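Observations on chain architecture
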Amino acid sequence: MGNVFELKNVYKTYRNDGKEFTALKDVSLEVNEGEIFGIIGMSGAGKSTLVRTLNRLEEVSQGSVSFYGRDLAELKPAELRRVRHSISMIFQGFNLLSQRTVIQNVEQSLRIIGTPRAERRSKAREMLGIVGLLDKEHEYPARLSGGQKQRVAIARALATDPKVLLCDEATSALDPKITGEILDLLKKINQERKLTIIIITHEMAVVEKICDRVEIIDDGTLAEVGDVKEVFSNPQSKAAKKLVFPSNPFDPSDPDGELIRIVFDGTQSNVPFIANLVEKTGLKVNILSANTRSVGGIGYGQMILELPDDRKERDTIIRFFRDGGLSVSEVKS
């Protein structure tokens, strides 16, 4: 499996009215062929700027961005156009042409690259079949739901047989049920067409559902990168912990008490860890939060626990959970 993209020490600085703002700071990462790679960060973190460097819509101020081993900065205009035809994008706002039918919208990307009309129509119908909208080919976008509009956008993006699909907040405007359907469709396309997909989002639930690996960007810097399951189970950076920890408020009995997060997967879900703790050690914990998540198709559970004041008792409890195969990490209340 080769690298589709490789970024080395990338900086992006904007200059306006004598002022400077650095949106990307020393970012280095690799995206592998055939994977679904997530780029996640809060608003203003730099993720959209980073994505625009992947097709050279943004020129980097320092460092390099390579596509299949070729430095984008060294490409001539004609070569860059060919690369951009290999990288399709879908957006939060769908970007459909309101005065054209569904099939005409799908054909638009093929029209731009000069595909003959008959071939365009055949290819567009094939793509609409893939996204399940062949029966809507003569409808106009105004008559479609948000989920249907995004499916049309996906069909249009796939029509040119790209090597990479960039999804920029592509599900942010959709409700949870439709978001799940679109993510399932993208996963199916990834598996059946071996298409590399890069998903830009501020929602950890999107990353957890379909991504293989994730990069967390915070204030223009790469805070953490790794397998989604590992980042979820054992986040290392402050930015990652903020994204993966449960969002419901903690209400510890002691404001200065120590909180921990334990994580277990589906193979451990039938083990009564808390009851076993009490039975085997005589020690108790206060459960502040508990929920389950699907991460890469595997069910994970997590709990936020408040520990006793005594240091030895805390150490005993943490050791008990770790010996039981659980991931244990500290939580700042």
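Attention in this report is confined to the structure presented alongside it. (Residues numbered from 1 in each chain as written. Predicted model: local features only at pLDDT ≥ 70, side-chain atom pairs only at ≥ 80, totals over all residues. Heavy atoms only, no water.)

1. Here's the deal with the sheet that holds strand 6 (residues 87-91)
With mixed pairing, six strands are arranged side by side in an open sheet as 6-7-8-3-9-10. Because the sheet does not close on itself, it has two edges, and the strands there are strand 6 and strand 10 (221-227). Strand-to-strand twist in this sheet, taken as the mean axis angle between neighbours without regard to direction, amounts to 15 degrees. Examined bridge by bridge, strand 3 (residues 36-40) and strand 9 (residues 213-218) share four bridges and lie parallel to one another. Bridging across to strand 9, Phe37 finds its partner in Arg213. (Pairing = 2+ DSSP bridges. Helix = DSSP H or I, 4+ residues; strand = E, 2+ residues; numbered from the N terminus. Axes fitted to C-alpha atoms, helices over the stretch in contact; angles between N-to-C directions.)

2. Observations concerning the pairing of strand 8 (residues 196-201)
Consecutive side chains along a regular strand alternate between the two faces of the sheet. When you tally the buried positions in strand 8, you get six out of six residues, the bulk of the element. Residues of strand 8 alternate between two faces, with Thr196, Ile198 and Ile200 on one and Ile197, Ile199 and Thr201 on the opposite face, all of them buried. Strand direction decides the pairing type here: strand 3 and strand 8, joined by five bridges, are parallel. Residue pairing in the sheet places Phe37 in a bridge with Ile198 of strand 8. Examined bridge by bridge, strand 7 (residues 164-168) and strand 8 share five bridges and lie parallel to one another. Across the sheet, the residue bridging to Leu166 is Ile198, located in strand 8. The parallel pair strand 7 and strand 8, bridged by helix 6 (residues 176-193), forms a crossover whose chirality is right-handed. (Buried < 20%, exposed > 50% of the residue type's maximum accessible area, 1.4 Å probe, protein only. Right-handed = clockwise from strand over helix to strand, strands pointing away.)

3. So, the pairing of strand 1 (residues 3-16)
Two strands pair when backbone bridges link them, and strand 1 and strand 2 (residues 19-32) are joined in this way by 10 bridges, in the antiparallel orientation. Counted as the bridge partner of Leu7 is Leu29 from strand 2. Between strand 1 and the antiparallel strand that follows it, strand 2, lie two residues; Asp17 among them carries a positive phi value of about 55 degrees. Sheet topology places strand 1 next to strand 4 (residues 62-67); five bridges connect them, and they run antiparallel. Note on strand 4: the bridge partner recorded for Phe5 is Phe67.

4. Regarding the sheet that holds strand 1
What the four strands build is an open sheet, ordered 2-1-4-5; its pairing is antiparallel. The open sheet has two free edges, formed respectively by strand 2 and strand 5 (70-71), since each of these has just one partner strand.

5. A look at the nonpolar core
Among the nonpolar cores identified, the biggest contains 56 residues, and Ile154 and Leu186 are the most heavily contacted of them. Residues Val27, Ile39, Ile87 and Ile198 belong to the second largest nonpolar core, which totals 27 residues. (Core = buried A, V, L, I, M, F, W, Y, C linked by side-chain atoms within 4.5 Å.)

6. Some points on the packing of aromatic side chains
Inspection of every chain in the model, using the stated rule, returns five aromatic pairs. Ring geometry for Phe5 and Phe67: centres 5.2 Å apart, planes at 45 degrees, overall tilted. A residue pair is termed long-range when its members are at least 10 positions apart, and Phe5 in strand 1 and Phe67 in strand 4 qualify at 62 residues. Exposure remark for Phe5: the relative accessible area of 0% places this residue in the buried category. Taken together, a centroid distance of 5.8 Å and an interplanar angle of 70 degrees make the contact between Phe320 and Phe321 edge-to-face. (Phe/Tyr/Trp six-rings, centres within 6.5 Å; stacked < 30°, edge-to-face > 60°.)

7. With respect to the side chain of Thr13
Looking at the secondary structure, you find Thr13 in strand 1. Polar contacts involving the side chain of Thr13 include one to the side chain of Thr22, which spans 3.2 Å. Each residue touching Thr13, except ones within four places of it in the same chain, is listed here: Glu20, Phe21, Thr22 and Ser61. (Polar contact = N/O pair within 3.5 Å; in protein donor to acceptor, adjacent residues only side chain to side chain. Contact = heavy atoms within 4.5 Å.)

8. A word on the packing of helix 3 (residues 102-112) against helix 4 (residues 117-130)
Closest axis-to-axis distance for the helix 3/helix 4 pair is 9 Å, and the angle between their directions is 120 degrees. In this view, helix 3 runs oblique relative to helix 4, as classed from their interaxial angle. Helix 4 is crossed by helix 3, and the crossing has right-handed handedness. On helix 4, the residues touching Val102, Ile103, Val106, Glu107, Leu110 and Arg111 of helix 3 are Arg117, Arg120, Arg121, Lys123, Ala124, Arg125, Met127 and Leu128. A class-by-class count of the residues in the contact of helix 3 with helix 4 yields seven nonpolar, no polar and seven charged. (Parallel < 35°, antiparallel > 145°, perpendicular 65-115°, else oblique. Left-handed = near helix turned anticlockwise from the far one by under 90°. Nonpolar A, V, L, I, M, F, W, Y, C, P; charged D, E, K, R; others polar.)

9. As for unusual backbone geometry
Although it is not a glycine, Phe94 adopts a positive phi angle of roughly 70 degrees. If you trace the backbone, Phe94 turns up in the loop between strand 6 and helix 3. With a relative accessible area of 13%, Phe94 lands in the buried category. Despite not being glycine, Asp219 has its phi angle at roughly 55 degrees, a positive value. Relative to the assigned elements, Asp219 resides in the loop between strand 9 and strand 10.

10. Quick look at the pattern of salt bridges
A complete count under the given rule lists 22 salt bridges for this structure. The salt bridge partner of Arg15 is Glu20, with a shortest N-O separation of 2.9 Å. Arg15 gets classed as exposed once you look at its relative accessible area, which sits at 60%. Here Glu20 falls in the exposed class, since its relative accessible area comes to 56%. Where Glu59 meets Arg56, a salt bridge forms, and the shortest distance between an N and an O atom there is 2.8 Å. (Salt bridge = Lys/Arg side-chain N within 4 Å of Asp/Glu carboxyl O.)

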